[in-house]
Amino acid sequence: MARYSGEEFLVLLPAVNEEETVAVAERIRKSVEGSRVSRHVTLSIGVAVQTSEEATSPEQLQRKADEALSLAKQTGRNRVLLLRPEPTGLKRGH
């Protein structure tokens, strides 16, 4: 885990599948939600996963996670959101 920016952290989980990644993210979210610091502490998490078949740069993977984080914040906050890749040839909004 590393601080990515002011309030953002980056967690890398090597050799972990989508299901395991989302489970880890949920455990992190719930542990923050249950914090005794304040009754109103919440956490939004954007998840991106790279399979062994994909050739994704670290920068592309980080952008996917950041996009998922933005979407998690826009659609309710205090949640984990996995942004799945779109099928080849399809574009968003079509």
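First things first, this report covers the structure right here in the doc. (Residues numbered from 1 in each chain as written. Predicted model: local features only at pLDDT ≥ 70, side-chain atom pairs only at ≥ 80, totals over all residues. Heavy atoms only, no water.)

For the rest of this paragraph, the subject is helix α2 (residues 58-74). In this model α2 runs 24 Å from its N-terminal to its C-terminal C-alpha over 17 residues, within 8% of the 24 Å that 1.5 Å per residue would give. Among all positions in α2, only Leu61, Gln62, Ala65, Ala68, Leu69 and Ala72 are buried. One face of α2 carries all of its buried residues, which in axial projection span an arc of 120°. Exposed and oriented more than 90 degrees from the buried face of α2 are Arg63 and Gln74. Tucked inside the fold, the buried residues of α2 contact β1 (2-5), β2 (8-10), β3 (45-47) and β4 (80-82). The positive-phi residue at the C-terminal boundary of α2 is glycine 76, with phi of around 135°. (Helix = DSSP H or I, 4+ residues; strand = E, 2+ residues; numbered from the N terminus. Expected span 1.5 Å × (residues − 1). Buried < 20%, exposed > 50% of the residue type's maximum accessible area, 1.4 Å probe, protein only. Arc of directions from axis to C-beta. Contact = heavy atoms within 4.5 Å.)

In a regular helix each residue adds 1.5 Å, so 16 residues correspond to 22 Å; helix α1 (residues 18-33) covers 22 Å between its end C-alpha atoms and thus fits that length. Inspection of α1 places Thr21, Val24, Ala25 and Arg29 among the buried residues, and these make up the whole buried set. Axial view of α1: buried residues confined to an arc of 135°, hence all on one face. Turned more than 90 degrees away from the buried face of α1, the exposed residues are Glu19, Arg27 and Lys30. Taken together, the buried residues of α1 touch β3 and β4. Two or three places before glutamate 19, at the opening of α1, asparagine 17 has a side-chain oxygen 3.1 Å from that residue's backbone nitrogen. (Polar contact = N/O pair within 3.5 Å; in protein donor to acceptor, adjacent residues only side chain to side chain.)

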